[in-house]
Amino acid sequence: MQREMKGALIGALIGLICGIIWIMLGFWQLILILLLSAIGFLIGRYSERLPELKRWLLQVLER
């Protein structure tokens, strides 16, 4: 029961944040923010699993 409430609370907070961004910036800016966040999440997730990708990203960011 506790886990279900935590998931519902996180979902509500995400919805609230998305709604505020939509009102402040507009629909397409919201979509761009969500897309870039998803790309960042995927890069971060795969960099933990793939040391080669992590090394490459560190080289790119050091320049």
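Residues numbered from 1 in each chain as written. Predicted model: local features only at pLDDT ≥ 70, side-chain atom pairs only at ≥ 80, totals over all residues. Heavy atoms only, no water.

An unreviewed UniProt entry annotates the protein chain as DUF2273 domain-containing protein originating from Loigolactobacillus coryniformis.

(A) Structural view of the overall build of the protein chain. A count of helical and extended segments in the protein chain gives three helices and zero strands. The helix and strand sequence of the protein chain, counted from the amino end, reads α-α-α. Relative to a compact globule of 63 residues, whose C-alpha radius of gyration would be 11 Å, the protein chain shows 16 Å and is clearly more extended. Here the protein chain holds 63 residues, and the buried ones make up 6% of them. Looking at the protein chain as shown, the accessible area adds up to about 6000 Å², and 70% of this sits on carbon and sulfur atoms. (Helix = DSSP H or I, 4+ residues; strand = E, 2+ residues; numbered from the N terminus. Rg over C-alpha atoms; globule rule 2.2 N^0.38 Å. Buried < 20%, exposed > 50% of the residue type's maximum accessible area, 1.4 Å probe, protein only. Areas by Shrake-Rupley, 256 points an atom, 1.4 Å probe, with all protein chains shown as cover.)

(B) Representation of the environment of Ile33. With respect to the helices, strands and loops of the structure, Ile33 is situated in helix H2 (residues 27-49). Here the alpha-carbon distance between Ile33 and Cys18, two residues 15 residues apart in the chain, equals 9.5 Å. Those residues in contact with Ile33, other than ones at most four positions away along the chain, are Ile21 and Leu25. (Contact = heavy atoms within 4.5 Å.)

(C) How the structure looks around the UniProt feature "transmembrane region" (unreviewed entry) in the protein chain. When the UniProt feature table is mapped onto this chain, "transmembrane region" (unreviewed entry) is found at residues 7-24 and 30-47. For residues 7-24, the end-to-end C-alpha separation is 26 Å, with 100% helix and 0% strand making up the annotated structure. (UniProt positions renumbered as here; feature names shortened; annotations may be inferred.)

(D) A look at the packing of aromatic side chains. Considering all chains together, one arrives at two aromatic pairs under this definition. With centroids separated by 5.4 Å and ring planes inclined at 55°, the aromatic side chains of Trp22 and Phe27 adopt a geometry described as tilted. Of the residues examined, Trp22 reaches a relative accessible area of 45% and is grouped as partly exposed. Pairing Phe27 with Trp28 gives two aromatic rings, centres 4.9 Å apart and planes at 75°, and the pair type is edge-to-face. On the basis of relative accessible area, Phe27 is assigned to the partly exposed category, the value being 34%. Of the residues examined, Trp28 reaches a relative accessible area of 65% and is grouped as exposed. Every member of this aromatic cluster is reached through a ring pair, and the members are Trp22, Phe27 and Trp28. (Phe/Tyr/Trp six-rings, centres within 6.5 Å; stacked < 30°, edge-to-face > 60°.)

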